[in-house]
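Residue-level structural notes
Spelled out, the chains give:
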Amino acid sequence: METLIIIVAGILVTVAVYLLLSKNVIRVILGTAVLTHAVHLLIMAMGGFKGDSVPIVSQKETSFVDALPQALILTSIVISFAVTAFFLVLAYQTYKYTKTDDLSEMRGVDHE
Amino acid sequence: MKINDLILRSVTKLIVFIILTLAIYLFFSGHNAPGGGFIGGLVLASAIVLLLLTYDIETFKYSIPFDFKIVAAIGSLIVLLTGMGAVLFGKPFLTQSFATINIPFIGLREISTVTFFELGVALAVVGVVITIILSISEDV
Amino acid sequence: MLTLNMAIFLPFLASLLIPFIYRRHFKIHIGWFVLIVPVILFITLITYLPQIKQGDSFTETLNWIPTFNINLTSYIDGLSLIFGLLITGIGALVVFYSIFYLDFSENLGHFYTYLLLFMGSMLGVVFSDHMMILYAFWELTSISSFLLIAFWYQRKGSRYGAKKSLLITVFGGLGMLIGFLMLYQITGTFSIRETFELIIPLKEHILFTPALILILLGAFTKSAQFPFHIWLPDAMEAPTPVSAYLHSATMVKAGIYIVARFTPIFGGDAVWFYAVSITGLITLFWGAFSAIRETDLKALLAYSTISQLGLVMSLFGVSSLSLHPTITINEVLYTQAAFAALFHLVNHSTFKGALFMVVGILDFKIGTRDIRRLGGLMLFMPISFSIALIGSFSMAGLPPFNGFLSKEMFFQAMLSVNEFDFFSLNTIGVLFPIIAWIASVFTFIYSMIIVFKTFLGKPKEKKLSQAKEASFGMLLAPSILAIFIFLIFIFPNVLADNILKPAVFNIYPNLENNYFEPIKAWHGFNTELFMTMGVVVIGTVIFAFYRRWNIVYKLFPKFLSFDALYNNSLIFFDRLAKNTTSKYMTGYLRHYFQYVFITFTLLVGFTLFKLNAFSFSLTGDEPIGIFEWILAITIIIAGISMIITSSRLTAIVINGYIGFTIALFFVLFRAPDLALTQVVIETVTTALFLLALYFLPRWEEKRAPVRERRQNFIIAASVGLVFTLVALSVKSGRLFTSISSFFEDSDEKAGAANIVNTILGDFRAFDTMLEVIVLFIAGIGVFTLIKANKKRGAHNLEDK
C-alpha cells in the first residue's frame, strides 16, 4: 500500500507543480492546496501502515499505527488552512486594484 | 431577489446546536479518544460558519456580539500562559502535568493542565477562522 | 561598587531608559541625566588606578554562550584603562558641552540614546578580552557612529557621510573578523591574553601574515589611515559634540588601541612594522598636507585628526621593533616610542577636543565655520580665542604646551629608526625623520591657520563685529581641556607615572626594569629641538605665502582622488548589482517557480543518479484493499481533470473532492483525528474559495501558448518523477527505526490515551504553541489586508 500511496502523491505533486506554473492566481493557490495534500500522503506513507489499532491506548490493543506522522499532519492541515486563506485574500485584494488575475500582467513597474 | 431558504433556516436552528454539542464533546474527549483542541475549535467554527451562511451578517453580529480577533488573542495568550505556569514551578516551559482526582458525583477523573492548553488552542482556532470568514464577508 | 561588566553595560542600560524619561516638553535638559553615566564610570575607573599602577590587572567573566566558549570576559589593565579614562572623561565633558550646544528643538532622545550606545560599545571594545566580543562591540561603535553622523538626517551631506563611514569601517571590521578567525585557527583560543603566550612558537604559521594584514585593515579603516581616511572629513556633518567625541577623541582611536593591543602578538614582524609605520607616516603627511587646503574649520580639523592619528600609528610601528628577537627588550630606544605614542594619544584628545569645541562655539554663535568668512574675532570672543590659541599651539608642538613634549619624543623616536640594522632600516630609515619633519611643518601651518585666520585680522562680515562670547557652560568643557593642556606640560610625569607607564608594560609583557626617564621639557640643544625650530621658521615662511601655496593643490586633479574612487566604485557596484539582479528577478512568479523546481529536479535527480541511491522493493508493504484502489484511482482522475478543466468552479470542487478523499484515506490509515480535522477544514476551505470567487473574474478562454504549456508539463512531470523516485527509495531502504514507540507510553507519561493529541499537547507542545501563533498571525494578516486597505483607499497601490 505504501507504494501506491507514494505514486498517488507523486501524481498529485505533478498536478500541483503544473498548476503553480500557470498564470492564473486561483490556479496557483489551488496548486499550493494540492501540494499540501500530496505532502500529507507522503508523510503518512513514510510512517508506514503497520500496527493493529488507531493510536489510542487501551487495554486490549498492543500495537498501534505510527502516531508521529499523524501529529505532524494535524499541525500541517491547520497551518495550510491559514496560509490558503491568506493567499486567497491576498489574491482578491490584488485583483481589486490591478483588475487582473493574470500573474504575468500583474508584474509591477521597475523601481529605481 | 429573495431566496426562499426557509428549510435551510429551520434546519440550521436545530443543527447548530447539535454541532455545538459535538464540538464540546470532541474538545473534552480529545484526551482519551479522537478529538481535542484543534478539532473542537474547528467544529465550533464550522457551526458558526453555518450560521453565517444562513443568516446575514447583521443578524449574526447581533446574536453573537464577540470580537473574534480578541477571542483569537485570548486563545494564544492562554497557550502562552499555561506554558509560563510550568516555569513558575521550576519546570521547563510548557511542561504539562496531570493528576487523578475524585470529583463528587462524577467519580475518578484525570485532571490535566493540557486541558487549559487545548482550550487556548481551540479558542485561537475559532477566533482565527471566524475572523477570516467575517473579514471576507464584510468586504462584500 | 560597580563591577567591570556592569560598567560596560551601564551606558546600554541608560540608553534603554532614555525613551522613557525623554519628553519633548521636559523642562530640564535630558543631558543632565545622561551626564551622570560617564561621571560615575570615570570615578569607577579612577578607583582602579592605584592597583593598575602596581602592574595588576583585573578580569571578570560572565558566561554568555558557554557552549561555544563565548564569555563576556572583561579585562582591565593599564592600556585599556587609558582608553577607558579617555572615553569616560572626554565623554563627560562632551555631554556637558552638548547640553548647551543642542537645544530643546533637536531630537535629544535620539541623540543621547546613540551617544550612550556608542559609549557602552566603545568601553566594550577596550575592556573585552574575547576577540569575538571585541568584534561585536567594534561593529556597534560603527553603527552608533553611523547613527550619530546621520543625526541631522534631513541633510544630504549627513546621509552621504554616514553611509560612507559605515561602509568603510564595517568593511574593515569584516576583514578584522576574518583575521581573528585566522588567529583562532593558529592558536585555538579567542582570548587575546592567551594568544600572547601561544603565538610565540607559531609565527611561521601560514595564516600568520594574512591574519596580521586583515586585523590591520580593521584598525586602519577605523582610525582613518591612508587611503581609508576619506570617510572622516565627511563624518564632520555630525553635530560638533559628536565630532569632538567620536571622530577625534575616542572611536577613531579604537584602531590605535587594536594596534597597541596586538603589538605583543605581531610585534617584531617585518610586515607589521612596515605596514604600521609606513601607513602611519603617509597618513601623517597626507593629512597635514590636505588640511591646509581646507577652508571649513571642521574639515580642517578632520584632516588634522587624520594626520595626528597617523603620527601615533607610526610611533606604534616603530615601537614594535623592540619585540624583534635580536633586540633585548630593555633597550630604551623603541619602547620609548610606545610611551611617546600613548602620551601623544592623551595629548591629542585634550587639544583636539578643545579645538573642536571652540569651532562648535563659532558655528553656534556665528553660524559659519568657513575661514574665508571669519576673522577678527579675538576682541569679541577672548576666551574662545585663548582656548583656540592654547589648543593650536599645542597641536603645532610649541612650548609651553603638552604637544611640545610628545612632538619632541616623536622626533626622537623617528631619528632612532635608522640605528636599527634589520629590515634594511639603516638605509630607508633616514626617510622616517625627514617625512616626519615635513609633516610637522604642515601641522604647524594648519595650526596657525586655525588661530590666525579666524581670530586675528579684520572682521570680514558685518555680523562678526556683533559676535558675543559664548555662555559659561559652553566654555567650561573646552576650558577644562585647555587647563589640562597646560598642566600636562608642567607636570608630565604625574600622567606618565600613573597612567602611561603601566600601559607600556602591558604592551611589552616582558619588560622588566623601571628604566623610563622622566619627561623633561628642556633637554639641551639636541637634534629634536633644532628640528622644532626649523619647523617654526619654515612654517612661518610658508604661512606668509599662504595664498601662493594654494596653487600646489591645483596640481592634483579631482577625478584621481580617493573620494572619486569611492564614489565611482559605489556607482559601479550599484549598477552591477542592479543589472545582475534584474536579469533573473523578472517579476514573473512563473519564472521564480521555474528556478526552484528546475534546481530541485537537477540537484536531487543528479544526486540520486550519482550515488546510485535508487532502490525499490515491495517487501514490507501492507496489502492493498479494494477501497484503497478505488480512492487512489479517483484521486488520480480528479487531479488530471483539475488541470484540464476550464471552469474555476469545477477546479475548486475537484480540490474539495481530493481533500475529502484524503480524509477517507485517513480513515483507512486509522487516523481518526486527522480524518475529522480534514473533513472540517476542507469544508471551511471550500467555503472560503467560493467566497473568494465572488470577487474574482471568470477564467477567460485565453489559454497559454502550446510551447509554454509543454514547458510547464515537462517541469511538472520531472518534479513528480524525482519526488516519487526519492520517496520510493526512502521507503524501500529504511536506515533508522521509528522513534514513535517513545510516544506510545503516553498514558504513563502524560496521563492521556490519545497518542496524537498527547504529542501535540504535551510532548511537542512547543510546536503547537508556535502553530497557534502562526495561525493567529495569518488571521491578523487577513484582517489587516482587508481592513487596512479599505481605510487608505485604493489609489496608492504604487507609491511612486
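Figured I'd write up the structure that's included with this text. (Residues numbered from 1 in each chain as written. Chains lettered and ligands numbered in written order. Predicted model: local features only at pLDDT ≥ 70, side-chain atom pairs only at ≥ 80, totals over all residues. Heavy atoms only, no water.)

1. Describing the overall build of chain C
Along its length, chain C carries 32 helices and two strands. The C-alpha radius of gyration computed for chain C amounts to 35 Å, which surpasses the reference 28 Å derived for 800 residues by more than 25%, pointing to a less compact arrangement than a globule. Its C-alpha atoms give chain C principal-axis dimensions of about 110 × 65 × 55 Å. Partitioning the contacts of chain C with sequence separation of at least 6, the portion at a separation of at least 24 is 79%. Side chains of chain C carry 56 positive and 46 negative charges; the gap between the two charge centres is 15 Å. (Helix = DSSP H or I, 4+ residues; strand = E, 2+ residues; numbered from the N terminus. Rg over C-alpha atoms; globule rule 2.2 N^0.38 Å. Contact = heavy atoms within 4.5 Å. Lys, Arg positive; Asp, Glu negative; His and termini not counted. Charge placed at Lys NZ, Arg CZ, Asp CG, Glu CD.)

2. With respect to the pattern of salt bridges
For the structure on display, the rule yields 12 salt bridges over all chains. Residues aspartate 296 of chain C and arginine 369 of chain C are paired through a salt bridge, measuring 3.0 Å at the closest nitrogen-oxygen approach. Pair noted here: aspartate 296 of chain C is in the loop between helix H12 (270-293) and helix H13 (297-319) and arginine 369 of chain C is in the loop between helix H14 (332-366) and helix H15 (382-396), with a separation of 73 residues, a long-range link. Given a relative accessible area of 23%, aspartate 296 of chain C falls into the partly exposed group. Linking arginine 372 of chain C and aspartate 370 of chain C is a salt bridge whose minimum nitrogen-to-oxygen distance equals 2.8 Å. Overall, the relative accessible area of 17% leaves aspartate 370 of chain C in the buried class. Each of Lys23 of chain A together with Arg590 and Glu708 of chain C takes part in a single network of salt bridges with overlapping partners. (Salt bridge = Lys/Arg side-chain N within 4 Å of Asp/Glu carboxyl O. Buried < 20%, exposed > 50% of the residue type's maximum accessible area, 1.4 Å probe, protein only.)

3. Looking at the interface of chain B and chain A
Counting from both sides, the interface comprises eight residues of chain B and, opposite them, nine residues of chain A. Carbon and sulfur atoms supply 79% of the area buried between chain B and chain A, which totals about 760 Å² over both sides. Across the contact surface, chain B and chain A share zero salt bridges. At the boundary of chain B with chain A, the tally comes to zero residue pairs in polar contact (both at pLDDT 80 or more). Of the residues forming the side of chain B that touches chain A, the biggest block, four residues, is contributed by helix H5 (residues 114-139) of chain B. (Buried area = accessible area lost by both parts, 1.4 Å probe. Polar contact = N/O pair within 3.5 Å; in protein donor to acceptor, adjacent residues only side chain to side chain.)

4. Digging into the packing of helix H2 (residues 31-53) of chain C against helix H4 (residues 108-127) of chain C
Residue and element names in this part refer to chain C. With their axes 10 Å apart at the nearest point, H2 and H4 run at an angle of 15° to one another. One finds that H2 runs roughly parallel with respect to H4. Considering only the axes of H2 and H4, their crossing is left-handed. Contacts between H2 and H4 involve Gly31, Val34, Val37, Pro38, Leu41 and Leu45 on the former and, on the latter, Tyr112, Leu116, Met119, Leu123 and Phe127. (Axes fitted to C-alpha atoms, helices over the stretch in contact; angles between N-to-C directions. Parallel < 35°, antiparallel > 145°, perpendicular 65-115°, else oblique. Left-handed = near helix turned anticlockwise from the far one by under 90°.)

5. Some remarks on the nonpolar core
Here is a general trend for soluble globular proteins: nonpolar side chains tend to be buried in one another's company. Tyr112, Phe262, Phe316 and Leu342 of chain C are the most contacted members of the largest nonpolar core, which totals 207 residues. Looking at this core element by element, the count peaks at 20 residues for H14 of chain C. In this structure, phenylalanine 262 of chain C is in contact with Met131, Phe180, Leu183, Ile192, Ile215, Gly267 and Trp272 of chain C, ignoring residues within four places of it in sequence. Judged by nonpolar contacts, the second largest core, of 126 residues, contains Val13, Leu30 and Ala67 of chain A together with Ile652 of chain C. (Core = buried A, V, L, I, M, F, W, Y, C linked by side-chain atoms within 4.5 Å.)

6. Some words on the packing of aromatic side chains
All names here are of chain C. Inspection of every chain in the model, using the stated rule, returns 38 aromatic pairs over all chains. Both rings, one in phenylalanine 273 and one in phenylalanine 432, keep their centres 6.1 Å apart while their planes meet at 10°; by these two values the pair is stacked. Within this pair, whereas phenylalanine 273 is found in helix H12, its partner phenylalanine 432 is found in helix H18 (residues 431-455), the two being separated by 159 residues in sequence. In this pair, the class of phenylalanine 273 matches that of phenylalanine 432, namely buried. Here tryptophan 286 and phenylalanine 289 contribute two aromatic rings whose centre-to-centre distance is 5.7 Å and whose plane-to-plane angle is 40°, an arrangement assigned as tilted. With tryptophan 286 and phenylalanine 289 both in helix H12, this residue pair falls three residues apart, about one helical turn. Of the aromatic side chains, those joined through ring pairs into one cluster are Phe226, Phe285, Trp286, Phe289, Phe442 and Phe562. When the ring centre of tryptophan 138 is taken as reference, the NZ or CZ atom of lysine 222 above it lies at 5.0 Å. (Phe/Tyr/Trp six-rings, centres within 6.5 Å; stacked < 30°, edge-to-face > 60°. Lys NZ or Arg CZ within 6 Å of the ring centre and 35° of its normal.)

7. Description of the interface of chain C and chain A
On the chain A side, the residues contacting the 97 residues of chain C number 86 residues. Summing both partners gives a buried area of about 8500 Å² for chain C against chain A, and 76% of it is carried by carbon and sulfur. When the buried surface of chain C facing chain A is broken down by residue, Phe669, Arg670 and Phe723 of chain C rank first, second and third, together holding 8% of it. Applying the counting criterion to the chain C and chain A interface returns one salt bridge.

8. Details of helix H10 (residues 240-249) of chain C
An α-helical turn contains 3.6 residues, so any two residues separated by three or four positions project in the same direction. With 10 of 10 residues buried, H10 of chain C is to be regarded as a mostly interior element. Turning to H10 of chain C, its buried residues number three or more, namely Thr240, Pro241, Val242, Ser243, Ala244, Tyr245, Leu246, His247, Ser248 and Ala249 of chain C.

9. So, unusual backbone geometry
All names here are of chain C. Cis rather than trans, the peptide bond between phenylalanine 226 and proline 227 has omega equal to 0°. Looking at the secondary structure, you find proline 227 in the loop between helix H8 (208-222) and helix H9 (231-234). With an omega dihedral of 0°, the bond running from proline 399 to proline 400 counts as a cis peptide bond. Along the chain, the position of proline 400 falls in the loop between H15 and helix H16 (402-416).

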